[in-house]
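Listed below are the residues making up each chain.
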Amino acid sequence: LISLNRFEDAQVFSEPAANGIRLRWVLFPIHPIDRVEFTGMTGLTESELRRVVTDRFSGPPTEGHVDEAADLLRTQLRGRGFLKPSVDARIVPTHDPDRATVFFQVNAGMRATITEVRFEQVDAEGRSNIVDVPDIKKGQPYDEDALDKELQAWERRMHNRGYYEARGSRGPIFFGNEVILSVN
C-alpha cells in the first residue's frame with residue numbers, strides 16, 4: 001500500500017478469530033502540501049517569496065523538500081541584503097481532504113545599506129577610463145539582483161558606445177549592516 005504513494009504508513013494488526021485470524025489495517029494517508037504561507041517580518045513581499053519557492057519546485061514543495069525550500073529562502077534573503085535571516089518551516093496537516101499547509105516563519109533581520117561606492121574602471125594598460133558609471137548610489141539597500149541588472153544595463157550602454165569588452169562586476173565588503181561596494 002505504501003508503494004501506491006497514497007499512504008505515509010500502513011500498519012497491520014492481527015486478532016484471533018473463530019476461523020483463523022482477522023487482520024486490521026490502519027492506514028495513515030499522505031497529506032500533500034497544497035498551500036504555502038509566509039509569516040513574520042519577511043523583508044520581501046509575499047509574492048516575491050512565493051515566486052522563489054514556486055520557480056524552484058514548480059509549485060509547493062513536497063514534505064521531503066521543505067527544509068530545502070527554507071534554505072533557498074534564506075539564500076535569497078541574504079542575496080537581497082538581509083545578512084542574518086532565519087526561516088523556520090512548519091507543516092500543518094488538514095483532513096477531508098487530506099492535505100497540508102507549510103508555514104514559513106521568516107525573520108529577515110536588518111538589511112544592509114550601501115554606504116560607499118567605489119568605481120574602479122581601467123583600460124588594458126591600467127589607466128582610468130571613467131566614461132559612464134552604473135546607476136548605483138550610496139544609501140540604497142544592498143540587493144544583488146538589482147545591482148546585477150544595473151551592471152548589465154551599464155554594459156549595454158558601453159557596448160552601444162563602442163566599448164565592446166566592457167564588463168561590470170561588483171565586490172561588496174560588509175561591515176555589520178553597511179556595505180562598501182567596489183564596481184569594476
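Residues numbered from 1 in each chain as written. Predicted model: local features only at pLDDT ≥ 70, side-chain atom pairs only at ≥ 80, totals over all residues. Heavy atoms only, no water.

Draft legend 1. Focus on the environment of Glu144. Note on placement: Glu144 falls in helix α3 (residues 144-160). When its relative accessible area of 28% is taken as the criterion, Glu144 is described as partly exposed. For the pair formed by Glu144 and Arg78, sequence separation is 66 residues and the distance between their alpha carbons is 9.0 Å. Those residues within four positions of Glu144 in sequence are excluded, and the remaining contacts are Gly79 and Arg170. (Helix = DSSP H or I, 4+ residues; strand = E, 2+ residues; numbered from the N terminus. Buried < 20%, exposed > 50% of the residue type's maximum accessible area, 1.4 Å probe, protein only. Contact = heavy atoms within 4.5 Å.)

Draft legend 2. How the structure looks around a nonpolar patch on the surface. A cluster of nonpolar side chains, namely Val12, Ile21, Leu23, Trp25 and Leu27, defines an oily patch on the protein surface of about 500 Å² accessible area. In terms of residue count, the dominant contributor to the nonpolar patch is strand β2 (residues 20-29) (4 residues). By the element assignment, Leu27 lies in strand β2. (Patch = residues over 30% accessible without salt bridge, like charges linked within 9 Å, V, L, I, M, F, W, Y side chains within 5 Å. Areas by Shrake-Rupley, 256 points an atom, 1.4 Å probe, with all protein chains shown as cover. Salt bridge = Lys/Arg side-chain N within 4 Å of Asp/Glu carboxyl O.)

Draft legend 3. Region of the structure containing the side chain of Glu150. Summarising the element assignment, Glu150 is placed in helix α3. Looking at Glu150, the relative accessible area reads 17%, which means it is buried. There is a polar contact of 2.8 Å between the side chain of Glu150 and the backbone nitrogen of Asp135. (Polar contact = N/O pair within 3.5 Å; in protein donor to acceptor, adjacent residues only side chain to side chain.)

Draft legend 4. Structural view of the sheet that holds strand β6 (residues 113-119). The sheet built from 3 strands is open, its strands ordered β6-β8-β7 with mixed pairing. Strand pairing shows two members of the sheet lacking a second neighbour, β6 and β7 (170-175), which therefore form its edges. Going across the sheet, the axis of each strand differs from the next one's by a mean of 20 degrees, ignoring polarity. Of the pairings in the sheet, the one linking β7 to strand β8 (residues 178-183) comprises 6 bridges and is antiparallel in character. Directly across from Arg170, in β8, lies its bridge partner Val183. (Pairing = 2+ DSSP bridges. Axes fitted to C-alpha atoms, helices over the stretch in contact; angles between N-to-C directions.)

Draft legend 5. Looking closely at the pattern of salt bridges. Using the criterion set out here, one finds 13 salt bridges in the structure. Its salt-bridge partner being Glu48, residue Arg80 comes within 3.2 Å of it at the nearest N-O pair. In this pair, Arg80 sits in the loop between α2 (66-79) and β4 (86-94) while Glu48 sits in helix α1 (residues 46-57), placing the two residues 32 residues apart along the sequence. Here Arg80 and Glu48 have matching classes, each one buried. The residue Asp143 makes a salt bridge to Arg111 at a minimum N-O spacing of 3.4 Å. Separated by 32 residues along the polypeptide, Asp143 in the loop between β6 and α3 and Arg111 in the loop between β5 (99-107) and β6 bring together distant segments of the chain. Each member of the salt-bridge network shares a partner with another, and the members are Glu48, Arg80, Arg111 and Asp143.

Draft legend 6. Structural view of the sheet that holds strand β3 (residues 33-41). An order of β3-β5-β4 is seen for the 3 strands of this open sheet, with the pairing classed as mixed. Sheet topology places β3 and β4 at the edges, where each strand pairs with a single neighbour. Going from strand to strand, the sheet's axes swing by 20 degrees on average, the running direction of each strand aside. The pairing of β3 with β5 spans 8 bridges and is parallel. Paired with Gly40 across the two strands is Val106, which belongs to β5.

Draft legend 7. Inspection of α2 at higher detail. The terminal C-alpha atoms of α2 lie 20 Å apart, and with 14 residues this matches the ideal 20 Å at 1.5 Å per residue to within 8%. Within the span of α2, buried status applies to Val66, Ala69, Ala70, Leu73, Arg74, Leu77 and Gly79. Gly81 sits one or two residues past α2 and shows a positive phi near 100 degrees. (Expected span 1.5 Å × (residues − 1).)

Draft legend 8. Focus on the nonpolar core. Within the largest apolar cluster, 20 residues are counted, with the highest numbers of intra-cluster contacts made by Phe38, Leu73, Leu77, Val87, Val102 and Phe104. Contributions of two or more residues to this core are made by β3, α1, α2 and β5. Sorting elements by how many residues they give to this core places α2 first, with 5 residues. Residues Ala112, Ile114, Ile136 and Val183 belong to the second largest nonpolar core, which totals 9 residues. (Core = buried A, V, L, I, M, F, W, Y, C linked by side-chain atoms within 4.5 Å.)

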